[in-house]
Amino acid sequence: MGEPQDIESTNRQIKFAKYYLEGLKRCIDILSLQEVASVIHYLEEAYREGKQVFIIGNGGSAATASHMACDLGKVILPEEGDAAPRFRVTALTDNVPWMTALANDLGYEHIFSEQLKNLVHKGDLVIAISGSGNSPNIIEGMRVAKSSGAKVLGILGFDGGRAREIADVSIIVRSENYGYIEDLHMVLDHLVAAYFRALLAKP
């Protein structure tokens, strides 16, 4: 057991936790629910039409991309014996050998665009998760998706960056704090998953 913590340290830590959570709440309060609805609409359309969904992101956003693919692929499952369709979803962050080969041979900016050239078809959906919206590999991936006739969604932060201009629709967490942005991107993933669980639930 460690030494008991002094009251001054405890109060300082509580004060910081309160400060952080109040900032996060402000970001939640200004989140555009119209943007959220637009992104859900595109996802629901892709689900009903059996289109492939690809998700891309860097760093913490790569983890969110993988988590979102897991949630859409596994959490949202029809009941056993139910003929309801499943999400056809892949995170392009998960094939490390392919990503590293592309980064080594062609440059890091091509790690998503080159995968998409192999995989994406017209009418598919690409979700770009990015705090800044300006990462070259995200922008290149979005451009290839658009040129292939895919629809592109952005889950972004700050002012959306260049990604906002390319995406068909975006949700933007309007903050300059990467922690808040990435926190809310994960909340949005769980919100979407909860929406589809409710949508597919039997009466």
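As a reminder, the structure under discussion sits directly above these lines.
Residues numbered from 1 in each chain as written. Predicted model: local features only at pLDDT ≥ 70, side-chain atom pairs only at ≥ 80, totals over all residues. Heavy atoms only, no water.

Quick look at the overall build of the protein chain
Next, step 1: For the protein chain, the count of helices and strands is 8 helices and 5 strands.
Next, step 2: Oriented by its inertia axes, the alpha-carbon framework of the protein chain measures out at about 60 × 50 × 40 Å.
Next, step 3: Within the protein chain, the proportion of its 203 residues that are buried is 45%.
Next, step 4: Look at the contacts in the protein chain between residues 6 or more apart in sequence, and 70% of them connect residues 24 or more apart.
Next, step 5: When the accessible surface of the protein chain is split by element, carbon and sulfur atoms take 55% of a total near 10900 Å². (Helix = DSSP H or I, 4+ residues; strand = E, 2+ residues; numbered from the N terminus. Buried < 20%, exposed > 50% of the residue type's maximum accessible area, 1.4 Å probe, protein only. Contact = heavy atoms within 4.5 Å. Areas by Shrake-Rupley, 256 points an atom, 1.4 Å probe, with all protein chains shown as cover.)

A few points about the packing of aromatic side chains
Next, step 1: With the rule as written, the count across this model stands at 7 aromatic pairs.
Next, step 2: When the ring of F87 is compared with that of F196, the centres are 5.0 Å apart and the planes differ by 85°; the resulting orientation is edge-to-face. Remark: F196 occurs in helix α8 (residues 178-200) and F87 occurs in the loop between α3 (60-75) and β2 (88-91); sequence separation between them is 109 residues. Like F87, the residue F196 is buried in the burial classification. (Phe/Tyr/Trp six-rings, centres within 6.5 Å; stacked < 30°, edge-to-face > 60°.)

A few points about the sheet that holds strand β1 (residues 52-57)
Next, step 1: Pairing within the open sheet is parallel, and its 5 strands lie in the order β2-β1-β3-β4-β5. Here the strands that pair on one side only, and so sit at the sheet edges, are β2 and β5 (169-173). In this sheet, adjacent strand axes meet at a mean angle of 15° when their direction is disregarded.
Next, step 2: In this structure, strand β3 (residues 125-130) lies alongside strand β4 (residues 151-157), joined through 6 bridges in parallel fashion. Counterpart to A128 in the pairing with β4 is G154. (Pairing = 2+ DSSP bridges. Axes fitted to C-alpha atoms, helices over the stretch in contact; angles between N-to-C directions.)

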